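# Summary of the model geometry
Okay, here's what each chain looks like letter by letter:
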Amino acid sequence: MTPQRRLSGKNDDGDILKRYEEVVGPAVIRHLLQLGRYLEGLQVVHVNSTRSGGGVAEILERFVPLMNGLGISTRWEVITGTEGFFETTKTIHNALQGSSKGLSTAMMSTFEATNAENAGHLRPILEEADFVFIHDPQPAPLLSLCPSRRGKWIWRCHIDASRPNRKVWRYLRRWTAPYDASIFSLADFAQPLPHLQYIIPPSIDPLSEKNIALPDEEVTAALESFGIDPSRPLVVQVSRFDRFKDPLGVIEAYRLCKRHQDLQLVLAGGGASDDPEGATVLDEVMAAAAGDPDIHVLVLPDDAHRTINALQRGATVVMQKSTREGFGLTVSEGLWKHKPVIGGDVGGIRLQVLDRFNGYRVRTPQGAALRLRHLLQHPGQAERMGENAHHYARENFLITRQLRSALALMAALQAGDPERLEISL
Ligand code: UDP
């Protein structure tokens with residue numbers, strides 16, 4: 001089937017390819033179609049533990065129709081469990097991120113029994129599939145419960161497992177080691193496993209409310225609704241009120257820069273009611289901002305995606321001055337919106353911000369202030385960096401790239417010959 005014919009398909013999955021083509025351009029879609037042709041007709045199953053809420057469900061919601069649109073027969077299964085099961089998997093999740101709380105024998109039994117129950121009805125689908133993607137630890141034991149599997153199984157870890165609780169990791173490794181391959185988001189997040197490991201960074205969705213293009217009037221109206229003057233320079237940092245996001249460092253950088261330069265600052269984050277540490281940080285931020293009408297500390301509801309979109313689009317410069325960071329989706333969000341990004345020189349920000357090309361990486365408030373001042377005083381240069389930023393995000397940090405990587409991985413495993421992989425044009 002030619003790319004043209006596929007794209008003119010009448011079904012929803014054909015339409016989704018068309019919608020992405022309008023945003024990312026035909027070359028990106030053509031590349032996906034090439035990979036899709038190689039994998040056409042294969043049966044793929046993704047398994048996770050929730051249909052909505054959280055980054056994994058968000059990605060799958062787009063991935064599954066996109067893969068179907070490419071002619072790869074893809075389904076999404078969700079395992080179910082009791083409260084006790086999800087308490088156990090939360091403990092595993094936290095332990096992978098370094099929490100010292102371990103698993104009791106009862107928790108392990110719940111974990112294994114729930115997976116066995118789910119395997120009871122999922123087994124025929126999973127054993128028949130050509131590829132099974134198991135997302136995160138919750139459904140990891142399913143592989144061992146499908147002894148007649150015929151396809152390749154891939155464990156997709158979305159969690160930063162760089163410094164896990166060793167005991168819990170050893171337990172989980174029992175279930176994940178027999179997979180054919182695993183995927184981690186960053187090299188730093190990975191743990192050794194006895195199979196091929198792929199590094200596929202996260203991505204943003206250009207069609208989501210958070211990232212979709214907005215009319216200028218909507219951006220202006222959003223800024224004005226918070227008392228921000230759209231005609232004056234604005235630096236924006238969107239992030240949880242967390243010490244590692246360094247909001248106080250951002251305020252200090254703003255103050256240093258403001259000695260020389262007119263400027264407004266937005267620090268936007270979520271409510272901190274369920275996070276005592278977050279509430280303390282928010283109090284400190286409020287205190288540091290007090291008395292300056294050009295600092296806007298915005299506590300936004302969880303679903304304020306369009307507002308965040310407008311704030312990022314209204315920014316002159318986007319800031320993410322983290323002192324520790326996983327990937328840093330807000331950086332991709334800023335780059336995609338044509339903004340030079342000043343980011344902390346840590347974690348996934350290093351992958352996204354190339355010094356002097358699409359922004360600057362900084363280590364101190366003084367460094368951030370210096371770069372900010374430079375960008376505000378050289379608008380032509382800031383604009384060029386903003387254009388580089390958009391192109392760099394488009395090439396590297398959109399969901400279409402994440403899908404391309406996943407398809408390339410499947411093609412490589414399918415070819416079975418690690419020496420050579422031919423994808424005809
Ligand atoms: N975000 C949001 N509301 C907030 C703060 C953050 O919707 O109040 C979004 C932000 O736009 C980004 C994600 O949450 O999409 C945060 O991801 P990131 O990787 O930057 O940081 P994390 O919070 O995972 O450390």
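Residues numbered from 1 in each chain as written. Predicted model: local features only at pLDDT ≥ 70, side-chain atom pairs only at ≥ 80, totals over all residues. Heavy atoms only, no water.

### Some points on the side chain of histidine 390
Heads up, the condition is: Each helix corresponds to a stretch of at least 4 residues labelled H or I by DSSP, and each strand to a stretch of at least 2 residues labelled E; elements are numbered beginning at the N terminus. Classification of residues uses two cut-offs on accessible area relative to the type maximum, computed with a 1.4 Å probe and protein chains only: under 20% is buried, over 50% is exposed, and between them is partly exposed. By the convention used here, residues are in contact when the closest approach between their heavy atoms is within 4.5 Å.
Mapped onto the secondary structure, histidine 390 falls in helix α15 (residues 379-396). Accessibility expressed as a relative area gives 11% for histidine 390, which makes it buried. When sequence neighbours within four positions are dropped, the list of residues in contact with histidine 390 reads Leu335, Trp336 and His338.

### Thoughts on the site of the ligand
Let me state the cut-off plainly: Any residue with a heavy atom lying within 4 Å of a molecule or strand is counted as near it. By the criterion applied in these results, polar contacts are pairs of N or O atoms within 3.5 Å in which, for protein atoms, one can donate a hydrogen and the other can accept it, and in which residues neighboring in sequence qualify only through two side-chain atoms. Amino acid classes used here: Ala, Val, Leu, Ile, Met, Phe, Trp, Tyr, Cys and Pro are nonpolar; Asp, Glu, Lys and Arg are charged; the rest, including Gly, are polar.
Around the ligand sit 13 residues, and of these Arg240, Lys245, Gly270, Leu329 and Glu333 come closest. At 3.5 Å from an oxygen atom of the ligand is found a main-chain nitrogen or oxygen belonging to glycine 328. The contact in question runs from an oxygen atom of the ligand to an N or O atom on the side chain of glutamate 333, over 2.4 Å. Breaking the shell around the ligand down by element, the ones donating at least two residues are β8 (264-270) and α12 (329-336). With three residues, the single largest contributor to the shell around the ligand is α12. Residue composition of the shell around the ligand, by class: three nonpolar, five polar and five charged.

### Description of the sheet that holds strand β2 (residues 73-78)
Our working definition: Here, strands pair whenever DSSP counts at least two bridges between them. Every axis in this analysis is a line fitted to C-alpha atoms, fitted for helices over the stretch in contact. Angles between the N-to-C directions lie between 0 and 180 degrees.
Taken in spatial order, the six strands line up as β2-β1-β3-β4-β5-β6 in an open sheet, and their pairing is parallel. Across the chains shown, the open sheet's two edge strands, defined by having one partner strand only, are β2 and β6 (196-199). Looking at each pair of strands side by side, their axes are set apart by 20° on average, direction ignored. Pairing of strand β4 (residues 152-156) with strand β5 (residues 181-184) involves three bridges; the strand directions are parallel.

### A closer look at the pairing of strand β3 (residues 131-135)
Most of β3 sits out of view: five of its five residues are buried. Neither face of β3 is open: one carries Phe131, Phe133 and His135, the other Val132 and Ile134, and all of them are buried. Pairing between strand β1 (residues 43-48) and β3: four bridges, direction parallel. Of the residues in β3, the one forming a bridge with valine 44 is phenylalanine 131.

### What about the confidence of the model for the protein?
Inclusion rule: On a range of 0 to 100, pLDDT expresses the predictor's confidence in each residue.
Averaged over all residues, the pLDDT of the protein is 93; the fraction at 70 or higher stands at 94%. Counted against residues more than four places away or in other chains, residues 1-10, with its pLDDT under 50, gives 22 contacts.

### Some thoughts on the sheet that holds strand β10 (residues 317-320)
With respect to topology, six strands assemble into an open sheet ordered β9-β8-β7-β10-β11-β12, the strand pairing being parallel. Whereas interior strands pair on both sides, the edge strands pair on one side only; in this sheet they are β9 (295-300) and β12 (359-362). Strand-to-strand twist of the sheet, defined as the mean angle between neighbouring strand axes without regard to direction, takes the value 20°. Across three bridges, the pairing between β10 and strand β11 (residues 341-344) is parallel. When the sheet's bridge partners are listed, valine 318 is paired in β11 with valine 341.

### Quick word on the packing of helix α6 (residues 105-128) against helix α7 (residues 166-176)
Put simply, the rule is: In this scheme, roughly parallel covers angles under 35 degrees and roughly antiparallel covers those over 145, while 65 to 115 is roughly perpendicular and the rest are oblique. Here a crossing is taken to be left-handed if its near helix is turned anticlockwise relative to the far helix by less than a right angle, and right-handed if that turn runs clockwise.
Between α6 and α7, the least distance of the axes is 13 Å, while the angle of their chain directions is 20°. Looking at the two axes, α6 sits roughly parallel to α7. Note on packing geometry: the crossing formed by α6 with α7 is right-handed. Residues Met108, Phe111 and Glu112 of α6 lie in contact with α7, whose contacting residues are Tyr171, Arg174 and Trp175. Among the residues forming the contact of α6 with α7, the class breakdown is four nonpolar, no polar and two charged.

### Observations concerning the pattern of salt bridges
Rules: Any carboxyl oxygen of Asp or Glu that lies within 4 Å of a side-chain nitrogen of Lys or Arg is treated as forming a salt bridge with it.
Tallied over the full model, the rule gives 18 salt bridges. Ionic pairing is found between glutamate 218 and arginine 306, a salt bridge with its closest N-O pair at 2.8 Å. Here glutamate 218 is found in helix α8 (residues 216-225), whereas its partner arginine 306 is found in helix α11 (residues 305-314), with 88 residues between them in sequence. The closest approach of N and O atoms between aspartate 246 and lysine 321, which form a salt bridge, is 2.9 Å. Placement of the pair is aspartate 246 in the loop between β7 (234-238) and α9 (247-258) and lysine 321 in the loop between β10 and α12, with a sequence separation of 75 residues. Aspartate 246 sits in the buried class, given a relative accessible area of 16%. Given a relative accessible area of 1%, lysine 321 falls into the buried group. Each of the salt bridges in this network shares a partner with another, and the network as a whole consists of Arg232, Lys258, Asp262 and Asp294.

### Points about unusual backbone geometry
Here the phi dihedral of aspartate 246 falls at roughly 55°; this positive angle occurs in a residue that is not glycine. Phi at arginine 356 takes a positive value of approximately 75°, unusual for a residue other than glycine. Checked against the element boundaries, arginine 356 lands in the loop between α13 (349-352) and β12.

### Remarks on the environment of threonine 114
Structurally, threonine 114 is set in helix α6. Setting aside residues up to four positions removed in sequence, threonine 114 forms contacts with Thr80, Gly81 and Phe85.

### Overview of the environment of glutamine 34
Mapped onto the secondary structure, glutamine 34 falls in helix α3 (residues 26-39). Assessed through its relative accessible area of 19%, glutamine 34 is described here as buried. For the pair formed by glutamine 34 and leucine 145, sequence separation is 111 residues and the distance between their alpha carbons is 34 Å.

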